[in-house]
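Results of the structural survey
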Amino acid sequence: MNEATPHDPSNLTDTEASAVSDGPAPSRRSVLWTASAAGAGLGLGGLGAQQAAAHGAQTADDTPADEAASPQQRGTTMIGVPFERRSTVRVGIIGLGQRGGSMIDLFLALPGVRVIALCDPVREKAEKAARKVTAAGQPAPAIYAKNDHDFENLCKRSDLDFVYVATPWDSHFDMCKTAMLHGKHVGVECPLAMELSQLWELVNISERTRRHCLQLENCAYGRNEMRVLRMAHAGLFGDLLHGAGAYIHDLRGLMFSPTYYEGPWRRLWHTRLRGDLYPNHGFGPVANYMDVNRSDRAVRISTFGSPTGGLAAYRKDHMPPGDPSWKESYVGSDMSISLVQTAKGRVIRLEHCVSNPHPYSRLNILGGTKGVFEDYPERIYLEPDNNDDQWGDFAAYADWDHWLWKEHANPPGGHGGMDYIMLFRVMQCMRLGLVPDFDVYDAATWTAPVPLSHASIKANGAPQAIPDFTRGLWKKARPGIDSQKPE
């Protein structure tokens, strides 16, 4: 029996209310799933300070500007809004490739979760996932695999509580929007969307529909990240001053693989944008350390990019003449380095590099007046524990592990268990009717560097305003991922 309360469309537009009640689907642009569609131009020029101001960036006195919507187009804030309590969370999954095809195993391992529906335009992938569901002892899920738009029919179902999206980046905006307009909470893989106007629209839709739109940032739930988070909030680092995060991962082989991704969609983003294409893994954890959107906020970003050459060099060495990739011209900076400044004057460095030889690193650095932590490899220097100019042993601080990691010492799944910890916590919040650890404002903030870093590089590093998606409510401290264990 599901205790969720019916969705209340009373504050929606007529079109949106019709969509929530399983009426006609909202109009939408074509979703780019396939390789041929992914090659189309997206018209992402002009994403600089002028657009930032037009969509809610701050004015000189730190008050919201236009905010991209009138009060009639917005609803009230989603900050502090709990999920509806339910005994079972009914899940629909859109995208069953490399990511979605592995994450379904974790959904099936979670208590109180049922996988109701699956969607992927490649029917074989959906059918393979469906076999996992029945093997786990659950009823056979519905399959939506007719075409690239069949996810809309999944979202129309009346027996879903949560939609999980693991598809190419181009489609995230449309799928999150559609899910919320049909009354579903939605969680999406990184990044939330690719344009600043889309981020604002998802914030506004979340507020109007009263549905949560969550960026499923698994790195924020890593054991090291959660330990550092608790230590920072307990004051062990003193006053926080600076941090750094990154996505440095040699993806050349995967991006040119004919089978790993469904078409070349990820590689093609390097022909379009020059900035940080994937800031969330680095930005999210450091933003949590510094309570961004919870008493501090990200105000501006400046980005500089290196020359591009890694993908072209890899293609020259590994791809045969006549391969479609030879028609591509790469514009993305091989290494982008961004500096984000917060309202309290703190500085966050973000780096992105997936086109060159480099061991994996997310940097994960936090510094304050009493010491510093640096990851990859993990090391710490805190006063008064360390005073000999030598790094200390981070393992000595295991008592500071978050309760989730103490309760789940050896979680299943990839990425060291952080995927399971993240999904367990989201589903726990839904079952118990709790406020989620993060919200649409965090999702938009962590993703904003995608378009803004591109704009900054085009403007020779000129600072770009980061919108205040909370509309001033960041000034109030509130809980986040550093949560208390439920009774």
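Please refer to the structure placed before this passage.
Residues numbered from 1 in each chain as written. Predicted model: local features only at pLDDT ≥ 70, side-chain atom pairs only at ≥ 80, totals over all residues. Heavy atoms only, no water.

Moving on, we come to the overall build of the protein. Helix and strand content of the protein: 17 helices and 14 strands. By residue count, 58% of the 487 residues in the protein fall in the buried class. Sequence-distant contacts, at least 24 apart, represent 77% of the contacts inside the protein between residues at least 6 apart. If you sum the accessible surface of the protein, you get close to 18600 Å²; carbon and sulfur atoms cover 52% of it. (Helix = DSSP H or I, 4+ residues; strand = E, 2+ residues; numbered from the N terminus. Buried < 20%, exposed > 50% of the residue type's maximum accessible area, 1.4 Å probe, protein only. Contact = heavy atoms within 4.5 Å. Areas by Shrake-Rupley, 256 points an atom, 1.4 Å probe, with all protein chains shown as cover.)

Tallied over the entire structure, the rule returns 3 cavities of 30 Å³ or more. When its volume is computed, the largest cavity comes out at roughly 40 Å³. What lines the largest cavity is simply Trp169, Leu251, Met255, Arg266, His270, Leu277, Tyr278, His352 and Val354. Grouping the amino acids of the lining of the largest cavity by side-chain chemistry returns 6 nonpolar, 2 polar and 1 charged. (1 Å grid on protein atoms, 1.4 Å probe; cavity = no way out; pocket = protein on both sides within 12 Å on 5 of 7 lines; lining within 4 Å. Points joined across faces, edges and corners; volume = space filled by probe spheres on them. Nonpolar A, V, L, I, M, F, W, Y, C, P; charged D, E, K, R; others polar.)

Under the definition given, this model contains 26 salt bridges. Of the charged contacts in the structure, one is a salt bridge between Glu127 and Arg123, with a shortest N-O distance of 3.7 Å. Note that Glu127 and Arg123 are positioned in helix H5 (residues 123-135) at a spacing of 4 residues, about one turn of the helix. The exposure class assigned to Arg123 is partly exposed, which follows from its relative accessible area of 37%. Among the ionic contacts, a cluster of salt bridges with common partners joins Glu84, Arg86, Arg90, Asp161 and Arg211. (Salt bridge = Lys/Arg side-chain N within 4 Å of Asp/Glu carboxyl O.)

So, on to helix H8 (residues 196-209). In this model, H8 (14 residues) spans 20 Å end to end at C-alpha, consistent with the 20 Å of a helix rising 1.5 Å per residue. Counting buried positions over the 14 residues of H8 gives 12, a clear majority of the element. Listed in full, the buried residues belonging to H8 are Leu196, Gln198, Leu199, Trp200, Leu202, Val203, Asn204, Ile205, Ser206, Glu207, Arg208 and Thr209. Positive phi shows up at Arg210, right after H8, with a value of about 65°. (Expected span 1.5 Å × (residues − 1).)

Here the focus is the sheet that holds strand E1 (residues 89-94). On the basis of which strands lie adjacent, the open sheet formed by 6 strands has the order E3-E2-E1-E4-E5-E6 and parallel pairing. In this open sheet, the two strands that pair with only one neighbour each are strand E3 (142-144) and strand E6 (213-215). Taken pair by pair, the neighbouring strands of this sheet meet at an average axis angle of 25°, ignoring direction. Where strand E5 (residues 185-188) and E6 come together, 3 bridges link them in parallel fashion. Paired with Val188 across the two strands is Gln215, which belongs to E6. Strands in contact with H5 are strand E2 (113-119) and E3; relative to E2, the strand with the most contacts, it is inclined by about 165°. Sitting on the sheet, helix H7 (residues 172-181) is in contact with E1, strand E4 (162-165), E5 and E6, with an inclination near 165° to E5. (Pairing = 2+ DSSP bridges. Axes fitted to C-alpha atoms, helices over the stretch in contact; angles between N-to-C directions.)

Our next topic: unusual backbone geometry. One can expect most non-glycine residues to show negative phi and most peptide bonds to be in trans. Cis geometry marks the peptide bond from Cys190 to Pro191; its omega dihedral reads -10°. Considering the arrangement of structural elements, one finds Pro191 in the loop between E5 and H8. Cis rather than trans, the peptide bond between Glu383 and Pro384 has omega equal to 5°. Following the sequence through the fold, Pro384 ends up in the loop between strand E13 (379-382) and helix H14 (403-407).

This part takes up the packing of helix H9 (residues 223-233) against helix H12 (residues 280-289). Relative orientation of the contacting elements H9 and H12 amounts to 25°, with a least axis distance of 9 Å. The orientation of H9 with respect to H12, classified from their angle, is roughly parallel. Contact residues: H9 offers Glu225, Val228, Leu229, Ala232 and His233, while H12 offers Pro285, Asn288 and Tyr289. In terms of residue class, the contact of H9 with H12 is made up of 5 nonpolar, 2 polar and 1 charged. (Parallel < 35°, antiparallel > 145°, perpendicular 65-115°, else oblique.)

Of note, Cys219 is situated in the loop between E6 and H9. Judged by its relative accessible area of 2%, Cys219 falls in the buried class. Leave out the neighbours within four places in its chain, and Cys219 touches Glu225, His281, Pro285, Arg362 and Met418.

A separate point is the nonpolar core. Ranked by size, the top nonpolar core spans 103 residues in total, and within it Phe107, Phe237 and Met427 carry the most contacts. Both domains that furnish three or more residues to this core are identified here as domain 1 (89-216) and domain 2 (219-403 + 437-475). When near neighbours in sequence (up to four residues on either side) are disregarded, Phe237 contacts Val228, Met231, Ala232, Leu366, Gly368, Thr369, Lys370, Gly371, Val372, Phe373, Ile380 and Leu382. Among the nonpolar cores identified, the runner-up in size contains 19 residues, and Tyr261, Leu277, Leu311 and Val354 belong to it. (Core = buried A, V, L, I, M, F, W, Y, C linked by side-chain atoms within 4.5 Å. Domains from an automatic or database assignment.)

The next thing to look at is the environment of Ala109. Tracing the backbone through its elements, the reader meets Ala109 in helix H4 (residues 98-109). Taking the relative accessible area as the measure of exposure, Ala109 reaches 43% and is therefore partly exposed. Each C-alpha atom of the pair Ala109 and Ala136 lies 8.4 Å from the other, and the pair is 27 residues apart in sequence.

The next subject is the pairing of strand E8 (residues 298-305). Two elements, E8 and strand E9 (residues 336-342), share 7 bridges in a ladder whose sense is antiparallel. Among the inter-strand pairings, Ile301 is bridged to a residue of E9, identified as Val340.

Applying the stated criterion across every chain, the model contains 15 aromatic pairs. Taking the centre distance of 6.1 Å and the plane angle of 65° together, the rings of Tyr221 and Phe438 count as edge-to-face. Of this pair, Tyr221 sits in the loop between E6 and H9 while Phe438 sits in the loop between helix H15 (418-432) and helix H16 (440-447), placing them 217 residues apart in sequence. Of the two residues examined, Tyr221 and Phe438, each falls in the buried class. Connected via pairs of aromatic rings, a cluster forms that spans Trp169, Tyr247, Tyr260, Tyr261, Trp265, Trp269, Tyr278, Tyr360 and Tyr376. The ring of Phe394 carries the charged tip of Arg227 above its face, separated from the ring centre by 4.5 Å. (Phe/Tyr/Trp six-rings, centres within 6.5 Å; stacked < 30°, edge-to-face > 60°. Lys NZ or Arg CZ within 6 Å of the ring centre and 35° of its normal.)

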